[in-house]
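Fold and geometry: a report
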Amino acid sequence: MTRARLGVLVAAGLVLAGCGGGGPPPPAPVPAPTVTAAPACTGASAIPVRNADELTEALSGATPGAVITMAAGTYAGHFVATASGTSDKPITLCGGRDAVIDGGDIARDYSLHLDGASFWQLSGFTIRGGQKGLIIDRGQGDLVQGLLIENTGDEALHLRQNSTDNVVRGNEIRGTGLKSEKFGEGIYVGSAENNWCEQSSCGPDRSDRNTIEGNTISDTTAENVDIKEGTTGGVLRGNSFSGAGMKDADSWVDVKGNGWTIADNTGVDAPQDGFQVHQVVDGWGMGNTFTGNSSTVNGDGYAINITKPRDDNRVMCSNTDSGAAKGLSNVDCAP
């Protein structure tokens, strides 16, 4: 079988070379979480926690509608949630910035892991340390809002294993890649093709329809946001990017998925390009739209670089650039 033909089958979720089979069908859409205000951190069902043991117990015993409130203090360890809420009764975990989940050793484990946990609302607190900050696997309808995630060994926040219809909103992310600069992304959506057999049953990681908006991302050694092949229909909107401190990336954002809307973001200090689109697997890196983005690029590239083949990616004329040596884009903008 030719690589081109194989790529078409991969894009359809039918097969992946060397892995002996295809992945499951994409998850069905679920209602998106409400993001008009911070989740309530009080109520009759509130469960106050004051230390790591109480937090572990609360996470393991959470039921739909529960509200877990973290008092100020440091919660040292690696915490896992596996229960799910419902669309009308999400499970809430909240606290102030002075409530700190601290994963410690940057070479070890996840600070907080939503493992198959859907309809959670995480709000307000800090996640610090650990090899990875916040991982969501197979999560649907989760809301991550107003967190500070910092000082991680690899990436800060990762949506993977067919995590769909989640909202990542209004968070501050900084200080990634302290262990491995190559893996120091701020927000990472999906999985690279060479990890599909590990993460998504040898088919594309269909972490689809996720919304990433209003976040401030800086001091990442790799991309601020990395959108992987296999993901479809997401929104990257209204975020603030900075390339200062990047050591293993040449753009704020890499897009390798399909049908993403990249809108109204601002960025400064891009090392080469502001935004890049890549087709690393046949059938992916297609049909993405850039609109209303404002880029201040210090590098020698473009504000928006659509690498070949360009396959129906659109750059609207509402995008603006400052300082990009090669200009706004390598494709003509559309009105």
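The notes below deal with the structure included here. Here the structure is a predicted model, which is why all the values come from computation and not from measurement. (Residues numbered from 1 in each chain as written. Predicted model: local features only at pLDDT ≥ 70, side-chain atom pairs only at ≥ 80, totals over all residues. Heavy atoms only, no water.)

Consecutive residues of a regular strand have side chains that alternate between opposite faces of the sheet. Counted residue by residue, strand E7 (residues 110-115) has five buried out of six residues, so it is predominantly covered. Sheet topology note: the strand E4 (residues 79-81)/E7 ladder contains three bridges and is parallel. Paired with Phe79 across the strands is Leu112, a residue of E7. Note that E7 and strand E10 (residues 132-137) share five bridges and pair parallel. (Buried < 20%, exposed > 50% of the residue type's maximum accessible area, 1.4 Å probe, protein only. Helix = DSSP H or I, 4+ residues; strand = E, 2+ residues; numbered from the N terminus. Pairing = 2+ DSSP bridges.)

Read from one edge of the open sheet, eleven strands run E1-E2-E5-E8-E11-E14-E17-E20-E23-E26-E29, paired in parallel fashion. Because the sheet does not close on itself, it has two edges, and the strands there are strand E1 (46-49) and strand E29 (314-315). Summarising the sheet, strand E2 (residues 67-70) and strand E5 (residues 91-95) pair through four bridges and their orientation is parallel. Its bridge partner lying in E5, Val67 is registered against Thr92.

Moving on to the pattern of salt bridges. Applying the stated criterion across every chain, the model contains 15 salt bridges. Measuring nitrogen to oxygen at the nearest pair gives 2.9 Å for the salt bridge that ties Arg174 to Glu172. Taking relative accessible area as the criterion, Glu172 reaches 25% and is therefore assigned partly exposed. Among the ionic contacts, a cluster of salt bridges with common partners joins Arg97, Arg128, Glu150, Glu172 and Arg174. (Salt bridge = Lys/Arg side-chain N within 4 Å of Asp/Glu carboxyl O.)

A few words now on the state of the cysteines. Scanning all chains against the criterion turns up three disulfides. Disulfide partner of Cys41: Cys94, at an S-S distance of 1.9 Å. One quick way to see it: the torsion about the S-S bond of Cys41 and Cys94 is about 105 degrees, and its sign makes the bridge right-handed. In this pair, Cys41 sits in the loop between helix H1 (3-11) and E1 while Cys94 sits in strand E5, placing the two residues 53 residues apart along the sequence. Across the disulfide from Cys197 sits Cys202; the S-S distance is 2.2 Å. The sign of the S-S torsion, about 120 degrees, decides the handedness of the disulfide formed by Cys197 and Cys202: right-handed. Among the residues examined, Cys197 registers a relative accessible area of 29% and is labelled partly exposed. Cys202 gets classed as buried once you look at its relative accessible area, which sits at 10%. (Disulfide = S-S within 2.5 Å.)

With that settled, the discussion passes to the side chain of Ser207. For Ser207, the location among the structural elements is in the loop between helix H3 (196-199) and strand E17 (211-213). In this view, Ser207 contacts Leu159, Arg160, Gln161, Asn162, Ser163, Thr164, Val189, Gly190 and Thr231; residues no more than four positions away in its chain are not counted. (Contact = heavy atoms within 4.5 Å.)

Read from one edge to the other, the open sheet built from nine strands follows the order E4-E7-E10-E13-E16-E19-E22-E25-E28, with strand pairing classed as parallel. Edge positions in the open sheet fall to E4 and strand E28 (304-306), since each of these has one partner strand only. Neighbour to neighbour, the strand axes of the sheet diverge by 10 degrees on average, direction disregarded. Pairing geometry for strand E19 (residues 225-227) and strand E22 (residues 253-255), over three bridges, is parallel. Paired with Val225 across the strands is Val253, a residue of E22. (Axes fitted to C-alpha atoms, helices over the stretch in contact; angles between N-to-C directions.)

Once that is clear, we can look at the nonpolar core. Grouped together as the largest cluster of nonpolar side chains are 61 residues, with contacts concentrated most on Leu55, Leu93, Trp120, Leu122, Phe125 and Leu134. Of the residues forming this core, the biggest block, four residues, is contributed by helix H2 (residues 52-60). Non-local contacts of Leu134, meaning those with residues more than four positions away in its chain, are made with Leu112, Leu122, Ile127, Val144, Leu147, Ile149, Ala156, Leu157 and His158. (Core = buried A, V, L, I, M, F, W, Y, C linked by side-chain atoms within 4.5 Å.)

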